[in-house]
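Structure at a glance
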Amino acid sequence: MTLSRILLVGPPGAGKGTQAKRICDKLGIRQLSTGEVFRDNMARQTELGKLAQDFITKGEFVPDEVTNPMVANALRSDEYAGGYLLDGYPRSLEQARYLDEVLTADGHALDLVIELEVGMDEVVDRLLKRAEIEGRADDTEPVIRHRMEVYAEQTAPLIEFYADKGLLRKVDGTGTIDDVWERIEELLD
Ligand code: AMP
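These remarks concern the structure in this document. (Residues numbered from 1 in each chain as written. Predicted model: local features only at pLDDT ≥ 70, side-chain atom pairs only at ≥ 80, totals over all residues. Heavy atoms only, no water.)

**Describing the site of the ligand**
Around the ligand lies a shell of 16 residues, among which T34, R39, E60, G88 and Q95 are the nearest. Between R39 and the ligand, the recorded distance is 2.9 Å, taken from a side-chain N or O atom to an oxygen atom. At a separation of 3.1 Å, an oxygen atom of the ligand approaches a polar side-chain atom of R91. Considering the ligand on its own, with 480 Å² of exposed area, one finds that the protein chains cover 95% of that surface. The biggest single contributor to the shell around the ligand is helix 2 (residues 34–43), with four residues. A breakdown of the residues in the shell around the ligand according to their chemical character gives five nonpolar, five polar and six charged. (Near = heavy atom within 4 Å. Polar contact = N/O pair within 3.5 Å; in protein donor to acceptor, adjacent residues only side chain to side chain. Areas by Shrake-Rupley, 256 points an atom, 1.4 Å probe, with all protein chains shown as cover. Helix = DSSP H or I, 4+ residues; strand = E, 2+ residues; numbered from the N terminus. Nonpolar A, V, L, I, M, F, W, Y, C, P; charged D, E, K, R; others polar.)

**Some remarks on the sheet that holds strand 5 (residues 168–172)**
Pairing is parallel in the open sheet, where five strands are placed in the order 2-3-1-4-5. The open sheet has two edge strands, strand 2 (30–33) and strand 5, and neither has a second partner. Taken pair by pair, the neighbouring strands of this sheet meet at an average axis angle of 20°, ignoring direction. Relative to strand 3 (residues 84–87), strand 2 is paired through four bridges, and the arrangement is parallel. The residue of strand 3 that forms the bridge with S33 is D87. This element, helix 8 (residues 177–188), spans strand 4 (112–117) and strand 5 of the sheet and lies at about 150° to strand 5. (Pairing = 2+ DSSP bridges. Axes fitted to C-alpha atoms, helices over the stretch in contact; angles between N-to-C directions. Contact = heavy atoms within 4.5 Å.)

See the structure below:
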């Protein structure tokens with residue numbers, strides 16, 4: 001089976017962005033990272049960026065009225081016609097159901113959902129280290145804790161949603177970037 005529509009889920013700090021790039025290189029598909037789209041827009045101070053800024057710095061979700069159509073438009077553009085990996089979307093059951101409707105309407109479906117499993121203490125440690133390197137506005141300890149709560153409440157239920165569809169594969173996200181990549185590559189092969 002060719003893998004052309006993939007979803008990567010896992011808590012903040014699980015290493016989704018890094019692994020997403022490798023998966024895309026291997027499969028020749030494009031990455032759509034909603035967090036990166038927002039950060040890019042914030043840096044350029046676009047309307048979208050200004051709107052997203054307050055939510056992101058508090059560790060809250062950017063509202064679905066903004067995020068959902070943004071993703072749907074991107075996925076329907078030529079740029080993503082050859083396949084894609086979604087990183088950071090969907091992040092709630094509502095978003096997952098919305099995505100399902102968009103895909104079904106276009107005669108598409110997801111091929112695979114990869115869950116990167118990393119314990120909470122470990123991801124908080126990683127994010128605090130990342131804060132020193134990247135200086136992201138949402139990588140302060142209180143905001144990190146809040147993002148973890150939001151993940152547990154809003155995003156963790158997705159795992160079951162995709163497990164029920166038979167799409168979910170769990171990957172141990174601990175160890176080095178190369179360790180994790182080896183496990184993912186084995187799964188893709
Ligand atoms: P990330 O880079 O995936 O950790 O996302 C950083 C931040 O961007 C999140 O904490 C949210 O504020 C916002 N964001 C990213 N993806 C979404 C989404 N699917 N829905 C709502 N907000 C999002």
